[in-house]
Amino acid sequence: MDRDLWSGLAVFEAIVEAGSFARAATRLGLSASALSHAMRSLETKLGVRLLDRTTRSLAPTPAGEELLGRLRPAIASVASALEEMDGARERPAGRIRVSAHRVAAIYAILPRLPDFARAYPDIAVELVVDDGFVDIVADRFDCGVRHAQTLQADMISVPVSAPVPLVFVAGPAYLANCSAPVDPDDLGGHRCLCYRYTSSGVVHRWQFERDGQTSERSVRGDFITNDIDVMRDAALAGLGVTCLPLPHAAQQLADGTLVEVLAGWAPTLPPNHLYYPSRRQPSAAFRAFMMAMRV
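Conventions and cut-offs
Residues numbered from 1 in each chain as written. Predicted model: local features only at pLDDT ≥ 70, side-chain atom pairs only at ≥ 80, totals over all residues. Heavy atoms only, no water. Buried < 20%, exposed > 50% of the residue type's maximum accessible area, 1.4 Å probe, protein only. Helix = DSSP H or I, 4+ residues; strand = E, 2+ residues; numbered from the N terminus. Axes fitted to C-alpha atoms, helices over the stretch in contact; angles between N-to-C directions. Parallel < 35°, antiparallel > 145°, perpendicular 65-115°, else oblique. Contact = heavy atoms within 4.5 Å. Nonpolar A, V, L, I, M, F, W, Y, C, P; charged D, E, K, R; others polar. Core = buried A, V, L, I, M, F, W, Y, C linked by side-chain atoms within 4.5 Å. Pairing = 2+ DSSP bridges. Salt bridge = Lys/Arg side-chain N within 4 Å of Asp/Glu carboxyl O. Phe/Tyr/Trp six-rings, centres within 6.5 Å; stacked < 30°, edge-to-face > 60°. Lys NZ or Arg CZ within 6 Å of the ring centre and 35° of its normal. Patch = residues over 30% accessible without salt bridge, like charges linked within 9 Å, V, L, I, M, F, W, Y side chains within 5 Å. Areas by Shrake-Rupley, 256 points an atom, 1.4 Å probe, with all protein chains shown as cover.

## With respect to unusual backbone geometry
And step 1. You will see that R140, though not glycine, has its phi angle at about 60 degrees, which is positive.
And step 2. For R140, a relative accessible area of 34% gives the class partly exposed.
And step 3. The backbone of D211 shows a phi angle near 55 degrees, a positive value even though the residue is not glycine.
And step 4. Looking at where D211 falls in the secondary structure, it is placed in the loop between β9 (206-210) and β10 (213-217).

## Thoughts on the packing of helix α2 (residues 21-28) against helix α3 (residues 32-46)
And step 1. Put simply, α2 and α3 touch, their axes get as near as 8 Å, and they point 105 degrees apart. For the element pair α2 / α3, the angle class is roughly perpendicular. For the pair α2 and α3, contact is made by F21, A24, A25 and L28 and by A32, L35, S36 and M39, respectively.
And step 2. A class-by-class count of the residues in the contact of α2 with α3 yields seven nonpolar, one polar and no charged.

## Comments concerning the nonpolar core
And step 1. Among the nonpolar cores identified, the biggest contains 22 residues, and I96, C143, V145, L274, F286, F289 and M293 are the most heavily contacted of them.
And step 2. Breaking this core down by element, the ones donating at least two residues are β3 (94-100), α5 (102-109), α6 (113-119), β5 (143-147), β15 (272-277) and α10 (284-293).
And step 3. At six residues, α10 tops the list of elements feeding residues into this core.
And step 4. Once you skip the residues sitting within four places of it in the chain, V145 turns out to touch V98, S99, A100, H101, A104, I109, V160, N272, H273, L274 and Y275.

## So, the pairing of β3
It is a general feature of regular strands that their side chains alternate between the two faces of the sheet.
And step 1. Burial within β3 is extensive, with five of its seven residues counted as buried.
And step 2. Taken together, the seven bridges between β3 and strand β4 (residues 123-129) define a ladder with parallel strand orientation. Of the residues in β4, the one forming a bridge with S99 is V128.
And step 3. Where β3 and β5 come together, three bridges link them in parallel fashion. Along β5, the bridge assignment pairs V98 with C143.

## Let's talk about the pattern of salt bridges
And step 1. Per the stated rule, a full pass over the model turns up 11 salt bridges.
And step 2. Note that D227 is salt-bridged to R102, the shortest N-O span being 3.4 Å. Here the residue D227 occupies a position in the loop between β11 (221-225) and α8 (228-236), and R102 occupies one in helix α5, the gap between them amounting to 125 residues.
And step 3. Look at D227 and you get buried, because its relative accessible area is 19%.
And step 4. Here the salt bridges share partners, and the residues they tie into one network are R102, D227, D229 and R232.

## Some thoughts on the sheet that holds β5
And step 1. The strand order across the open sheet formed by five strands is β4-β3-β5-β15-β6, and the pairing between neighbours is mixed. At either end of the open sheet lies a strand with only one pairing partner, and these are β4 and β6 (155-159). Direction aside, the axes of adjacent strands within the sheet are offset by 25 degrees on average.
And step 2. Across the sheet, α10 lies against β3, β4, β5, β6 and β15, angled at about 165 degrees from β15, the strand it touches most.

## Things to note about the packing of aromatic side chains
And step 1. Inspection of every chain in the model, using the stated rule, returns six aromatic pairs.
And step 2. A ring pair is formed by F116 and Y120, whose centres lie 5.2 Å apart and whose planes are at 40 degrees; its orientation type is tilted.
And step 3. Residue classification places Y120 among the partly exposed residues on the basis of a relative accessible area of 25%.
And step 4. Just above the ring of F141 sits the side chain of R97; from NZ or CZ to the centre is 4.2 Å.

## Thoughts on a nonpolar patch on the surface
And step 1. A cluster of nonpolar side chains, I106, Y107 and L110, forms an exposed patch at the surface whose accessible area comes to about 240 Å².
And step 2. You can see L110 is positioned in the loop between α5 and α6.

Now the structure itself:
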């Protein structure tokens, strides 16, 4: 088969799967213009239009749908053959794409990567940090890393961290002008720095845990952000009280630039889990990565 023709067929399948040229380009590591050129070349060679394109959407034509029906089993067969070859390697190789929220990326994944890179120099890792909901199947990730209670359905998962304690904090500059809160009821008189979830748009309700009892409440959001680094920096700047994962505030608590408040009231998040689709056969490279990350 013509090499360019096979390449064009693979591009066609990737574009339809991604739903747009831009998303397909990101997944394939190519430019959108290169994909557009490949599609024009493929349609010219085949003498048939495969995609209906507008400025807002694209969809396969009837001829494109028929071609996809025959093409997808062939692509799956090739992928399966490549996975079998990968398993036969003496030294695993390939690229692992990982989606992780910021705290897990920094404190669960990154510390283990130097040893992993030395043990498996032929495996490249792409770590995409995103605190929102990510469909790892649709976005072509090998795995995701999230807290246990937020995992997608039909996933296999392994823990990659211990439970993650939270801590309520404020900056010395803020506390110099008011009394530190010691009880959740005190928060009504304080400026609170809150987190808005990227995917849902919902502002996080603060949770409290004491003597085995848990509760949650909405607090006044005098400052709201969707970035945990910005929320910590706002506390450092003296804007008010906030709640952070303890690892993300440990250095600042140690050097005194943040001060713990509401001591004894902070809850603990479930462990972070690495997860992947149950129907996907892990490659040798992915199995090595998973074993290196698990606790």
